[in-house]
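# Architecture and fold: a report
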Amino acid sequence: MIKIQILATGFVHVSPFIPYNNNNAGKLKVYGFTVPAKDWVWLPVMSYLIHHPKGTVLVDTGWDRRISPCGEYDKQAQAIALGSRLLARVNQGWLPEGQAIDEQLSAVGQCSSDIDYVILTHLDCDHASGLSQVSRAKHILVSDAEMQAASGGNITNRVRYRDAFWKDIPLTLYQWNSDQGPFGRSYDLFGDHSLELINIPGHSSGLVAVKITNPEGKYVLLTSDGAYSSRSWKEMVLPGISENPEDQLKSLKWIREQSLSPNCVASLATHDPDVSPGVIEF
């Protein structure tokens, strides 16, 4: 039996063209600079705690408590915590009381040292800024491809990625050891295909989906930002932030195919407003 806890780890306030880049709106609209504030949308930020026979695995960390010290939306605190007013403007975060990942673990009688693996699907702030709150986990994994992108020198990446999130935290960089997914690049965590980190580039170079499969072949797919909701793959609408639109489309087609399979128990996107905290057992 595999148990997956879906955890709400805050909210992000963004231009509506970030989740759904209808008709290639252009970067100004994607980043919200020409979009009225009333049209911006609040989306959930989800993390996942997986209780697997071979270990306890946390997928993504959500926001750092420092963005909302009192549990309220705080623009100044977020800008300080992220180290960038521009990043804080594009991705406006809110972390209510009790929703920081360490607070949620504590509420169920666990701490970060109980976690065998923390998997960072990619290094954007709403997925990785809470890393310090689980820094005592036994292993913290991020793809080597993603770290290379985060260390790149282009202007977008210098704003998008903040190495302060993982500075002084021991990360394990992994390279692909299997051939699953749309590009034949994946990492088989336990060596038995029961938990695979599958490269779905486009949104970022090293982005991974997480596929958790039980002995009967049934699986849950965690799509991270390869899709922002089920609407993304049902209507084939790409997200707005993209390093490579062609790769992004190929990855989304793969997500659709996987999500429509009769073996798929659930296909969950990190920012899907139709997904609620809860538990999946299969």
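Right, let's walk through the structure included here.

Calculation rules
- Residues numbered from 1 in each chain as written.
- Predicted model: local features only at pLDDT ≥ 70, side-chain atom pairs only at ≥ 80, totals over all residues.
- Heavy atoms only, no water.
- Salt bridge = Lys/Arg side-chain N within 4 Å of Asp/Glu carboxyl O.
- Phe/Tyr/Trp six-rings, centres within 6.5 Å; stacked < 30°, edge-to-face > 60°.
- Helix = DSSP H or I, 4+ residues; strand = E, 2+ residues; numbered from the N terminus.
- Buried < 20%, exposed > 50% of the residue type's maximum accessible area, 1.4 Å probe, protein only.
- Pairing = 2+ DSSP bridges.
- Core = buried A, V, L, I, M, F, W, Y, C linked by side-chain atoms within 4.5 Å.
- Contact = heavy atoms within 4.5 Å.
- Polar contact = N/O pair within 3.5 Å; in protein donor to acceptor, adjacent residues only side chain to side chain.

A separate point is the pattern of salt bridges. Summed over the entire model, instances satisfying the criterion amount to eight salt bridges. For Asp-64, the salt bridge identified is with Arg-66, shortest N-O distance 2.7 Å. Connected through salt bridges with shared partners, the residues Asp-124, Arg-160 and Glu-243 form a single ionic network.

Here we come to the packing of aromatic side chains. For the structure on display, the rule yields seven aromatic pairs. Seen in terms of ring centroids, Trp-42 and Tyr-73 are 5.8 Å apart; in terms of plane orientation they differ by 85°. Their pairing is edge-to-face. Of this pair, Trp-42 sits in strand β2 (residues 41-52) while Tyr-73 sits in the loop between β3 (55-59) and α2 (75-82); the two residues are 31 residues apart in sequence, bridging distant segments of the chain. The partly exposed category is assigned to Tyr-73, whose relative accessible area is 32%. Taking 5.9 Å as the distance between ring centres and 75° as the angle between the ring planes, the aromatic pair formed by Tyr-117 and Phe-190 counts as edge-to-face. Of this pair, Tyr-117 sits in strand β5 (residues 117-119) while Phe-190 sits in the loop between β8 (186-188) and β9 (195-199), placing them 73 residues apart in sequence. With respect to burial, Tyr-117 and Phe-190 carry one shared label: buried.

Burial of β3 is extensive: five of the five residues sit out of reach of the surface. Judged by which residues are buried, β3 turns out to be covered on both faces: Gly-55, Val-57 and Val-59 on one side and Thr-56 and Leu-58 on the other are all buried. Inspection of the sheet shows β2 paired to β3 by five bridges, in the antiparallel sense. Residue pairing for β3: His-52 is matched across the bridge by Gly-55. Between β2 and β3, which follow one another and run antiparallel, lie two residues.

Inside soluble globular proteins, nonpolar side chains tend to come together where they are buried. Trp-63, Leu-82, Val-118, Leu-120, Leu-123, Val-134 and Trp-166 are the most contacted members of the largest nonpolar core, which has 44 residues in total. At the level of elements, β1 (3-14), β2, α2, α3 (85-90), α4 (101-107), α5 (125-128), β6 (139-143) and α6 (144-150) are the ones that each hand at least two residues to this core. Residues within four places of Val-118 in sequence aside, it is in contact with Leu-58, Thr-61, Val-134, Ala-137, His-139, Ile-140 and Leu-141. Within the second largest apolar cluster, 28 residues are counted, among which are Ile-6, Tyr-48, Ile-119 and Leu-195.

Attention now goes to the side chain of Ser-194. Checked against the element boundaries, Ser-194 lands in the loop between β8 and β9. Exposure remark for Ser-194: the relative accessible area of 8% places this residue in the buried category. Polar side-chain contacts of Ser-194 include one of 2.9 Å to the side chain of His-52. Every residue in contact with Ser-194, bar those within four places of it in the chain, is listed here: His-52, Asp-188, Lys-211, Ile-212 and Thr-213.

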